Amino acid sequence: MNKPEIRVDKIVSDLLRGRRLRLRGGDAEEKAAITAAARLVAARQGSQRMNPAFRKRLESSLEAAPQEPWLTRRGAFGAGFGRWAGVVTGGLIGRAMEPDSQLTPGPPGRLGGELINPKPGRWTDVAALADLVEGQGKRVTAGGVGAYLFRRGDSVNAVSSICSHLPCELSWSSGAGMLNCSCHPVSFTPEGESTNDKYPLPALNAVQVRVTAAGRVEVLGTA
Amino acid sequence: MLQLPMAPRATDIALNELELVYAFIYARVGNRADAEDLTQQVAMKAIPRLREGAPASAIRGYLFATARSVLGGFWSTRLGLSEAELHENLAMAVPPAPPSEERADTVQRILGQLSDNYRRVLELRFLHGYSLKEVAAEMNSTVGAVKVMQLRALRAAAKVKEETT
């Protein structure tokens, strides 16, 4: 295994030569350095425009693209297509979503909110129950799983820290008692439900959490 | 009888907007090949779903939201992260600020907050295109030491970036 400085320099050298980012699993440890390097290389070159040949190819492929009928994200979920759409388009977060201005109202009720079940998973000690304040969200991480914890007496519930609409980190607003999306003006209750009456977004994914006999709070995250 | 143009207006506008999307993506991946692939993905995902007659502002917002999503998927795939781990890395890939180009003055501001050695190594390597050997000669150091300094400087730059955005 290469030392990290050697590996990162290889990535930097490739970028400086105009090559693709060729990354591998072990590079995740240096993700911050790698993304910083990519931005610096881009900054050196200044704002870029499309190559004319690429623009022409893009135009051609757009003209050949099928004109799909409107399918709302909720419609996809309701039809059970949510995950399938993600697979087809190349990733869970790659699901196509309509812009807010185009959203259409639908029947009320809790939508989405799947249970995050990491495999392999590992219970991670994230806090002492005594440290959690009722009515206040606490952001924790368990491996790759980010979550907000909410205490209710001696029990705790946990929801994903990622918005169900766009893949953006939520922030806890203690004043409003809501989780706010950093990308759009949407918010969620501590139970993970959308607060938007006109267009109830899918609920936040649920995160598995437990309280031990010793009063420690554990979250099921990635191993 | 009056013939309406074949090309939908929203698609025409979106094509021009894709130039901005390309610049936005390029500023984050730093190379043309990946930027082209990702821009193509954005176009393929977004264009067919755009309604006719949508205002340019709505199209732009839609395209950039899609671009953020595509970039998140790009980093998670390239770094071999699982679906759950991907969530952890979205903060890195999804800028909270409105889409804008990575301005040179932003880079200078970030570099300005680094220590002299870190700033110097990044300036020489990235802004002036020096090789490791040239950087080492310039800084009276060794290639091995410059590699280590470069990594530490990039980590520090990423930290400044997180704190200032």
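Conventions adopted
- Residues numbered from 1 in each chain as written.
- Chains lettered and ligands numbered in written order.
- Predicted model: local features only at pLDDT ≥ 70, side-chain atom pairs only at ≥ 80, totals over all residues.
- pLDDT = per-residue confidence, 0-100.
- Contact = placed C-beta atoms within 7 Å.
- Axes fitted to C-alpha atoms, helices over the stretch in contact; angles between N-to-C directions.
- Helix = DSSP H or I, 4+ residues; strand = E, 2+ residues; numbered from the N terminus.
- Parallel < 35°, antiparallel > 145°, perpendicular 65-115°, else oblique.
- Left-handed = near helix turned anticlockwise from the far one by under 90°.
- Nonpolar A, V, L, I, M, F, W, Y, C, P; charged D, E, K, R; others polar.
- Expected span 1.5 Å × (residues − 1).
- Buried ≥ 20, exposed ≤ 12 C-beta atoms within 10 Å, placed from the backbone.
- Core = buried A, V, L, I, M, F, W, Y, C linked by C-beta atoms within 7 Å.
- Pairing = 2+ DSSP bridges.

Caption draft 1: Quick peek at the confidence of the model for chain A. Across chain A, the average pLDDT comes to 74, with 72% of residues at or above 70. Predicted confidence is poor over residues 68-110 of chain A, with pLDDT under 50, and the contacts of this stretch with residues over four places away or in other chains come to 59 contacts.

Caption draft 2: Looking closely at the packing of helix α1 (residues 4-16) of chain A against helix α2 (residues 31-45) of chain A. Residue and element names in this part refer to chain A. Contact geometry for α1 and α2: axes closest at 10 Å, N-to-C directions at 20°. Relative to α2, the element α1 lies roughly parallel. Considering only the axes of α1 and α2, their crossing is right-handed. Where α1 abuts α2, its residues Val 8, Ile 11, Val 12, Leu 15 and Leu 16 lie against Ala 33, Ile 34, Ala 37, Ala 38 and Val 41. Considered class by class, the residues forming the contact of α1 with α2 number ten nonpolar, no polar and no charged.

Caption draft 3: Here's a closer look at α1 of chain A. Residue and element names in this part refer to chain A. The end-to-end C-alpha distance of α1, which contains 13 residues, comes to 18 Å, matching closely the 18 Å that a straight helix rising 1.5 Å per residue would cover. Within the sequence span of α1, burial applies to Glu 5, Arg 7, Val 8, Asp 9, Ile 11, Val 12 and Leu 15. Within two residues after α1, Gly 18 carries a phi angle of roughly 80°, on the positive side.

Caption draft 4: Local environment of the nonpolar core. Within the largest apolar cluster, 62 residues are counted, with the highest numbers of intra-cluster contacts made by Ala 37 of chain A together with Val 21, Ile 25, Leu 63, Ala 67 and Leu 154 of chain B. In contact with Ile 25 of chain B, other than residues within four places in its own chain, are Ala 35, Leu 38, Thr 39, Ala 67 and Leu 71 of chain B. Counting 28 residues, the second largest nonpolar core, distinct from the first, contains Leu 201, Leu 204, Val 207 and Val 219 of chain A.

Caption draft 5: The arrangement of the pairing of strand β5 (residues 155-160) of chain A in detail. Residue and element names in this part refer to chain A. In this structure, strand β4 (residues 145-152) lies alongside β5, joined through six bridges in antiparallel fashion. For Ala 147, the partnering residue across the bridge sits in β5 and is Ser 160. Hairpin connection of β4 to β5: two residues between the antiparallel strands, including Gly 153 at a positive phi of 65°. Here β5 pairs with strand β9 (residues 206-207) via two bridges, running antiparallel. Each residue of the ladder has a partner; that of Ala 158, found in β9, is Val 207.

Caption draft 6: A look at the sheet that holds strand β11 (residues 216-222) of chain A. All names here are of chain A. Spatially, three strands are ordered β2-β11-β10 in an open sheet, and the strand pairing comes out antiparallel. Of all strands in the sheet, those bounded by a partner on one side alone are β2 (121-128) and β10 (209-211). Between one strand axis and the next, the sheet turns through 30° on average, direction left out of account. Bridge analysis of β10 against β11 gives three bridges, and the strand direction is antiparallel. In the sheet register, Val 211 faces β11, and the bridge partner there is Val 217.

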